[in-house]
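Each chain, written out:
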Amino acid sequence: MRRGRVKEWLASMKDKLLVITGGSRGIGREVAALFYRSGYHIVNLSRSACDLPFALNIQLNLAEKHWPEGFIKQLRSVAEKSQEVCLIHNAAALENDSINTLDADTLRQVLEVNVVAPQKLNKILLPSMKAGSSILYVGSTLAEKAVPNAYSYVLSKHAGAGMMKANCQDLAGMGIHTASVCPGFTDTEMLRGHIGNDHSTLTNIVERSTFQRLIKPEEIARTLLFCAKNQVINGSLIHANLGQIEQ
Ligand SMILES: NC(=O)c1ccc[n+]([C@@H]2O[C@H](COP(=O)([O-])OP(=O)(O)OC[C@H]3O[C@@H](n4cnc5c(N)ncnc54)[C@H](OP(=O)(O)O)[C@@H]3O)[C@@H](O)[C@H]2O)c1
């Protein structure tokens, strides 16, 4: 966003702010669109920009150890202006790996994006988050179970569920609630890339849904909005997978 546009954006700040990682495509982009329609200002953090014209993009590789100080200041100043902040940890790295193949560097990289970056953002934003704010995690069915060849993803999604539960305990009394929404197979680049765009694997996946279809990203977005609006959903892990047929 140009400097003039950023000024304009700041001047038009709404009371409610969504800070989302991975809003450039897939589930995150749908979340940004839906929250905007529901009255939130949108800040997106990802490497490529979110093309939605109302989003303020902070282009950043979450895998990097050190984030620019200017970016942290910008994020804090925007959050301080808001009555309610909803922070959604959505970006994730998904590798094809297993106990036989996963090396330490890849594991560190995946943990940096899926586990460390969310905690960095929690720490940056928490001091500016007022009562009514929320911290939501996009988990996965693999936050609770495992499949072959997704080792680093499975372990980091389990860690994400633990973070959410620990956040709930540590934030008691602050009026800030937290939850994890765990999608099943959702029609995005991540899913299609992971299965190598293989038609027969896709058919197999679809057949494992009780509804015989993939989840639409907007269905996950609606679930996240519901969580943001309802403090009773606190410390909760929400299954959003259409019902999977177990094999
Ligand atoms: N699709 C599914 O079937 C499914 C199922 C269960 C859970 N989920 C979860 O849903 C969430 C969203 O996934 P999706 O399916 O929407 O995936 P997607 O379409 O591949 O989008 C992933 C997003 O994460 C961002 N991202 C990835 N690595 C990043 C990095 N190093 N730094 C900054 N941003 C990064 C990407 O932005 P850039 O590339 O522009 O950086 C992109 O915006 C993830 O947490 C995923 O685990 C998805």
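This structure is a prediction, so every number in the text was calculated from the model and none was measured.

## Comments concerning the overall build of the protein chain
Here is step 1: Of regular secondary structure, the protein chain possesses eight helices and seven strands.
Here is step 2: Structurally, the protein chain occupies a C-alpha span of about 50 × 35 × 35 Å along its principal axes.
Here is step 3: Taken over 247 residues, the protein chain has a buried fraction of 50%.
Here is step 4: In the protein chain, the proportion of contacts linking residues at least 24 apart, taken out of those at least 6 apart, comes to 72%.

## Description of the side chain of Thr186
Here is step 1: Note on placement: Thr186 falls in the loop between strand S6 (177-183) and helix H6 (189-194).
Here is step 2: Polar side-chain contacts of Thr186 include one of 2.8 Å to the backbone oxygen of Gly184.

## What to know about the layout of surface pockets
Here is step 1: Approximately 1300 Å³ is the volume found for the largest pocket.
Here is step 2: What lines the largest pocket is a set of 50 residues, among which Leu94, Tyr153, Met190, Leu191 and His194 lie closest to the centre.
Here is step 3: Listing elements by their share of the lining of the largest pocket, those giving two or more residues are helix H2 (26-37), strand S2 (40-46), helix H4 (104-125), helix H5 (151-170), H6 and helix H7 (199-207).
Here is step 4: Its residues placed into classes, the lining of the largest pocket shows 22 nonpolar, 21 polar and seven charged.

## Quick look at the sheet that holds strand S5 (residues 134-138)
Here is step 1: The strand order across the open sheet formed by seven strands is S3-S2-S1-S4-S5-S6-S7, and the pairing between neighbours is parallel. Each of the sheet's edge strands pairs with one partner strand only, and the pair in question is strand S3 (55-59) and strand S7 (236-240). In this sheet, adjacent strand axes meet at a mean angle of 20 degrees when their direction is disregarded.
Here is step 2: Taken strand by strand, helix H3 (residues 69-80) contacts strand S1 (16-21), S2, S3 and strand S4 (84-89), and its axis lies near 155 degrees from that of S3.

## What to know about the pairing of S1
Here is step 1: Most of S1 sits out of view: five of its six residues are buried.
Here is step 2: Note: S1 against S2, six bridges, orientation parallel. Residue pairing in the sheet places Thr21 in a bridge with Leu45 of S2.
Here is step 3: For the crossover that starts at S1, traverses H2 and ends in the parallel S2, the hand is right-handed.

## Side note on the environment of Leu225
Here is step 1: Relative to the elements of secondary structure, Leu225 occurs in helix H8 (residues 217-229).
Here is step 2: Residues Leu225 and Ser38 lie 187 residues apart in sequence; the distance between their C-alpha atoms is 8.7 Å.
Here is step 3: For Leu225, the contacting residues outside a window of four places in its chain are Leu34, Phe35, Ser38 and Tyr40.

## A closer look at the confidence of the model for the protein chain
Here is step 1: Counting all residues, the mean pLDDT for the protein chain is 95, and 98% of those residues have values of 70 or more.
Here is step 2: Ranking the helices and strands of the protein chain by mean pLDDT puts S5 first, with 99, and helix H1 (residues 3-11) last, with 71.

## Thoughts on the packing of H4 against H5
Here is step 1: Where H4 meets H5, the axes come as close as 9 Å, and the angle between the chain directions of the two elements is 15 degrees. It follows that H4 is roughly parallel to H5 by the angle criterion. With respect to the hand of their crossing, H4 and H5 are arranged in right-handed fashion. Where H4 approaches H5, its residues Leu107, Val110, Leu111, Asn114, Val115, Pro118, Gln119 and Asn122 are matched on the opposing element by Ser152, Tyr153, Leu155, Ser156, Ala159, Met163 and Asn167.

## Description of the state of the cysteines
Here is step 1: Enumeration over the complete set of coordinates arrives at zero disulfides.
Here is step 2: Left without a disulfide partner, Cys227 is nearest to the cysteine sulfur of Cys86, which lies 9.0 Å away.

## Considering the site of the ligand
Here is step 1: Around the ligand there are 30 residues in total, and Ser24, Ser48, Asn90, Tyr153 and Thr188 lie nearest to it.
Here is step 2: Arg25 is positioned with one of its side-chain polar atoms (N or O) 3.0 Å from an oxygen atom of the ligand.
Here is step 3: In the environment of the ligand, a nitrogen atom lies 2.9 Å from a nitrogen or oxygen atom belonging to the backbone of Leu62.
Here is step 4: Contact with the protein chains covers 95% of the free accessible surface of the ligand, which is 890 Å².
Here is step 5: For the shell around the ligand, the element with the highest residue contribution is H6, accounting for three residues.

Reading the values: rules and limits
Residues numbered from 1 in each chain as written. Predicted model: local features only at pLDDT ≥ 70, side-chain atom pairs only at ≥ 80, totals over all residues. Heavy atoms only, no water. Helix = DSSP H or I, 4+ residues; strand = E, 2+ residues; numbered from the N terminus. Buried < 20%, exposed > 50% of the residue type's maximum accessible area, 1.4 Å probe, protein only. Contact = heavy atoms within 4.5 Å. Polar contact = N/O pair within 3.5 Å; in protein donor to acceptor, adjacent residues only side chain to side chain. 1 Å grid on protein atoms, 1.4 Å probe; cavity = no way out; pocket = protein on both sides within 12 Å on 5 of 7 lines; lining within 4 Å. Points joined across faces, edges and corners; volume = space filled by probe spheres on them. Nonpolar A, V, L, I, M, F, W, Y, C, P; charged D, E, K, R; others polar. Pairing = 2+ DSSP bridges. Axes fitted to C-alpha atoms, helices over the stretch in contact; angles between N-to-C directions. Right-handed = clockwise from strand over helix to strand, strands pointing away. pLDDT = per-residue confidence, 0-100. Parallel < 35°, antiparallel > 145°, perpendicular 65-115°, else oblique. Left-handed = near helix turned anticlockwise from the far one by under 90°. Disulfide = S-S within 2.5 Å. Near = heavy atom within 4 Å. Areas by Shrake-Rupley, 256 points an atom, 1.4 Å probe, with all protein chains shown as cover.

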